[in-house]
Amino acid sequence: MPEQLLERQDERPDGAGFRIAANPAPRSADEVAAVLGSPGFGEHFTDHMVLIDFGEPQGWHDPRVVPYGPLPLDPASAVLHYGQEIFEGLKVYRHRDGHLRLFRPEMNARRFAESAARLALPQLPAHLFVESIGQLARVDASWVAAEPGVSLYVRPFLIGTEAFLGVRAARRALFGVIASPAGPYFAAAGQGISIWLSRRYSRAGAGGTGAAKCGGNYAASLLAQSEAQAHGCAQVLFTDADTRTWVEEAGSMNLFFVLADGTLVTPPLDGTILAGVTRDSVIRLARERGHRVQERRFGIAEWQHGASTGELTEVFATGTAAVITPISRLVGEDVLIETPAGGHGSVTAALRDELTGIQNGTVADRRGWMFDLGGVC
Ligand code: COI
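Note that residues are indexed from 1 along each chain, following the sequence as it is written. With pLDDT at 70 or above as the cut-off, local features in this predicted model cover only qualifying residues; side-chain atom pairs require 80 or more to be listed or tallied, and sums for whole chains, interfaces and linings still use all residues. Based on all heavy atoms of the structure, the side-chain values leave hydrogens and waters out of the count.

K.L.:
Looking at this model, I keep getting lost on the overall build of the protein. Mind explaining?
P.N.:
Where helices and strands are cited, they refer to DSSP runs of H or I of at least four residues and of E of at least two residues respectively, numbered from the N terminus. Within the protein, the regular secondary structure consists of 9 helices and 18 strands. Radius of gyration here is computed from C-alpha atoms only, and the compact-globule reference equals 2.2 Å multiplied by the residue count raised to the power 0.38. Computed over the C-alpha atoms, the radius of gyration of the protein is 21 Å, within 12% of the 21 Å expected from 2.2 N^0.38 for a compact globule of 377 residues. Over its C-alpha atoms, taken along the principal directions, the protein stretches across nearly 65 × 50 × 35 Å. Looking at the protein residue by residue over its 377 residues, the buried ones come to 54%. A contact between two residues is defined here by any heavy atoms of the two lying within 4.5 Å. A fraction of 72% describes how many contacts in the protein between residues 6 or more apart in sequence connect residues 24 or more apart. Method for areas: the Shrake-Rupley scheme with a 1.4 Å probe, in which residue coverage is limited to the protein chains shown. Carbon and sulfur atoms make up 53% of the accessible area of the protein, which totals about 15700 Å². Taken as two groups, the 34 positive and 42 negative side-chain charges of the protein have centres that lie 2 Å from each other. Only protein chains enter the area calculation, which uses a 1.4 Å probe; residues under 20% of their type maximum are buried, those over 50% are exposed, and those in between are partly exposed. For the purpose of charge, His is not counted, nor are the chain termini; Lys and Arg are scored as positive and Asp and Glu as negative. Every charge is mapped to an atom, namely NZ of Lys, CZ of Arg, CG of Asp or CD of Glu.

Set out below in structure tokens:
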């Protein structure tokens with residue numbers, strides 16, 4: 001699939017390729033090294049960004065790599081009033097052969113197009129999505145660390161920019177890609193994290209935007225996330241909006257439950273949760289390792305019962321940023337469930353080792369998941 005995307009590069013609507021305007025004041029090698037030595041998550045940004053405009057009658061036009069900096073935005077832009085925005089998250093890895101690679105970028109491209117459709121934004125062709133990331137990664141290649149554990153997190157986004165206050169889909173939009181060196185999303189991920197069961201707030205309902213990666217979903221989760229942090233938890237767990245009993249997703253992550261017989265259970269993609277790329281990859285890796293994987297509803301009651309009887313052994317969360325993070329406890333106003341394996345489940349660890357090995361290039365990529373951006377210093 002990624003190869004097909006590249007073959008279509010000459011079909012780019014602009015026909016002229018990317019314009020590159022180099023940053024006249026890039027960070028020094030010492031400054032970049034200091035960031036890569038202690039990147040945190042989402043705190044530092046590279047020297048450049050990609051921008052592509054959308055408007056009628058040109059469609060997508062003027063793809064460019066420009067110095068990272070503020071965007072000129074009309075104060076009447078649709079994104080500022082009606083939240084017409086979507087985004088993606090993926091990582092660039094530097095392998096031992098010096099090549100930069102992405103993990104399954106065609107899946108992010110497809111989800112980006114689906115999110116755009118749901119938010120009534122124009123759909124960016126997949127080859128342009130992937131090419132944009134490649135352009136930025138190559139220009140800012142010095143920001144991609146060689147050590148496993150630090151990658152370059154890439155954040156494509158799309159906003160409605162038409163200046164018009166009527167409530168309808170914007171006819172002008174701006175696509176952008178920024179990049180940020182990233183270490184682990186959770187500082188204490190190795191020990192497992194505690195998550196907070198929100199009974200008051202829900203994330204998504206039937207027919208809503210739960211399956212889209214749009215800023216509004218995250219904005220709506222922030223109050224519940226503050227509640228989680230106030231209770232000493234790293235993330236919030238959302239249940240279904242109707243009964244508040246079925247597990248949906250944890251703010252920015254999908255969830256997996258490991259049963260004593262080796263079965264993995266994960267909530268189904270029924271329109272209210274995000275179709276995670278890591279979720280899909282874990283399902284495939286687990287099946288290949290001989291696990292039965294069920295995509296079905298999993299209730300808080302089953303979680304509580306399983307943990308107390310030993311039928312449930314491990315719980316983990318998946319996401320591009322979180323990779324595979326063990327969940328050690330679920331905490332709520334009326335519930336406290338300790339995961340039997342705590343943060344040290346063997347199934348979780350094996351899946352994490354295999355996945356991160358493929359991503360970092362230390363485990364053979366037998367499924368053609370890694371997309372080569374080329375060799376750059
Ligand atoms: C990701 O895992 O890429 C996410 O989008 C999660 C979060 C940082 C918003």
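K.L.:
What is the right way to look at helix α9 (residues 346–360) in this model?
P.N.:
Working rule for helices: expected span equals 1.5 Å times residues minus one. Taking 1.5 Å of rise per residue, 15 residues should cover 21 Å, and α9 covers 21 Å from first to last C-alpha, within 8% of that figure. Those residues of α9 that fall on the buried side of the exposure criterion are Val347, Thr348, Leu351, Glu354, Leu355, Thr356, Gly357, Ile358 and Gln359. Immediately downstream of α9, the backbone of Gly361 shows phi near 85 degrees, a positive value.

K.L.:
Explain the pattern of salt bridges here, please?
P.N.:
For side chains of opposite charge, pairing can occur when their charged atoms come near one another. Criterion for a salt bridge: a side-chain nitrogen of Lys or Arg within 4 Å of a carboxyl oxygen of Asp or Glu. In total, this model carries 19 salt bridges according to the counting rule given. Between Asp47 and Arg27 there is a salt bridge whose closest N-O contact spans 2.9 Å. Note that Asp47 is positioned in the loop between α2 (29–37) and β2 (48–55) and Arg27 in the loop between β1 (19–20) and α2, a separation of 20 residues in sequence. With its nearest N and O atoms 3.8 Å apart, the salt bridge here joins Glu131 to Arg138. Its relative accessible area of 33% is what places Arg138 among the partly exposed residues. Shared partners join several salt bridges into a network, and the residues in it are Arg19, Asp53, Asp62 and Arg64.

K.L.:
Please explain the side chain of Ser328 as it appears in this structure.
P.N.:
Structurally, the position occupied by Ser328 is in strand β16 (residues 323–332). Residue classification places Ser328 among the buried positions, given a relative accessible area of 13%. Not counting the four nearest positions on each side in its chain, Ser328 is found in contact with Gln191, Gly192, Ile193, Ser194, Ile337, Glu338, Thr339, Gly342 and Gly343.

K.L.:
I keep staring at unusual backbone geometry and nothing clicks. Help me out?
P.N.:
Backbone phi values are negative for most residues with the exception of glycine, while trans is the configuration of most peptide bonds. A cis amide bond links Glu56 to the next residue, Pro57, at an omega of 5 degrees. You can see Pro57 is positioned in the loop between β2 and β3 (59–67). Residues other than glycine seldom take positive phi values, yet Arg244 does so here, at roughly 55 degrees. Assignment of secondary structure puts Arg244 in the loop between β10 (235–239) and β11 (247–249). With a relative accessible area of 24%, Arg244 lands in the partly exposed category. One non-glycine residue, Val323, adopts positive backbone phi at about 55 degrees. As for its position among the elements, Val323 is in strand β16. According to the relative accessible area criterion, Val323 is buried, its value standing at 12%.

K.L.:
Please clarify how the domain arrangement of the protein should be interpreted in this entry.
P.N.:
Note on interface size: it is often stated as the accessible area lost on association of the parts. Marked domain ranges trace back to an automatic or database domain assignment. Here the domain parsing of the protein yields domain 1 (3–183 + 367–375) and domain 2 (189–344). A straight line from the C-alpha centre of domain 1 to that of domain 2 covers 28 Å. Facing the 19 residues of domain 1 at the interface are 20 residues of domain 2. Here the quantity called buried area is the accessible surface, traced with a 1.4 Å probe, that two parts lose on coming together, added over both. Here domain 1 packs against domain 2, burying approximately 1600 Å² in sum over the two surfaces, 58% of which is carbon and sulfur. Scanning the region where domain 1 abuts domain 2 turns up 2 salt bridges. Linking Glu288 and Arg367 is a salt bridge whose minimum nitrogen-to-oxygen distance equals 2.7 Å. The biggest single contributor to the side of domain 1 that touches domain 2 is helix α4 (residues 105–118), with 5 residues. Under the grouping applied here, Gly and all other residues not named as nonpolar or charged are polar, the nonpolar ones being Ala, Val, Leu, Ile, Met, Phe, Trp, Tyr, Cys and Pro and the charged ones Asp, Glu, Lys and Arg. Here the side of domain 1 that touches domain 2 is composed, by residue class, of 9 nonpolar, 3 polar and 7 charged.

K.L.:
Explanation requested: the environment of Thr263 in the structure shown.
P.N.:
On the secondary structure map, Thr263 appears in the loop between β12 (254–259) and β13 (264–266). As a C-alpha pair, Thr263 and Val293 span 30 residues in sequence and 5.7 Å in three-dimensional space. Pairing of N or O atoms within 3.5 Å defines a polar contact, subject to two protein rules: one partner must be a possible hydrogen donor and the other a possible acceptor, and residues neighboring in sequence count only if both atoms are side-chain atoms. Among the polar contacts made by the side chain of Thr263, one reaches the side chain of Asp261 at a distance of 2.8 Å.

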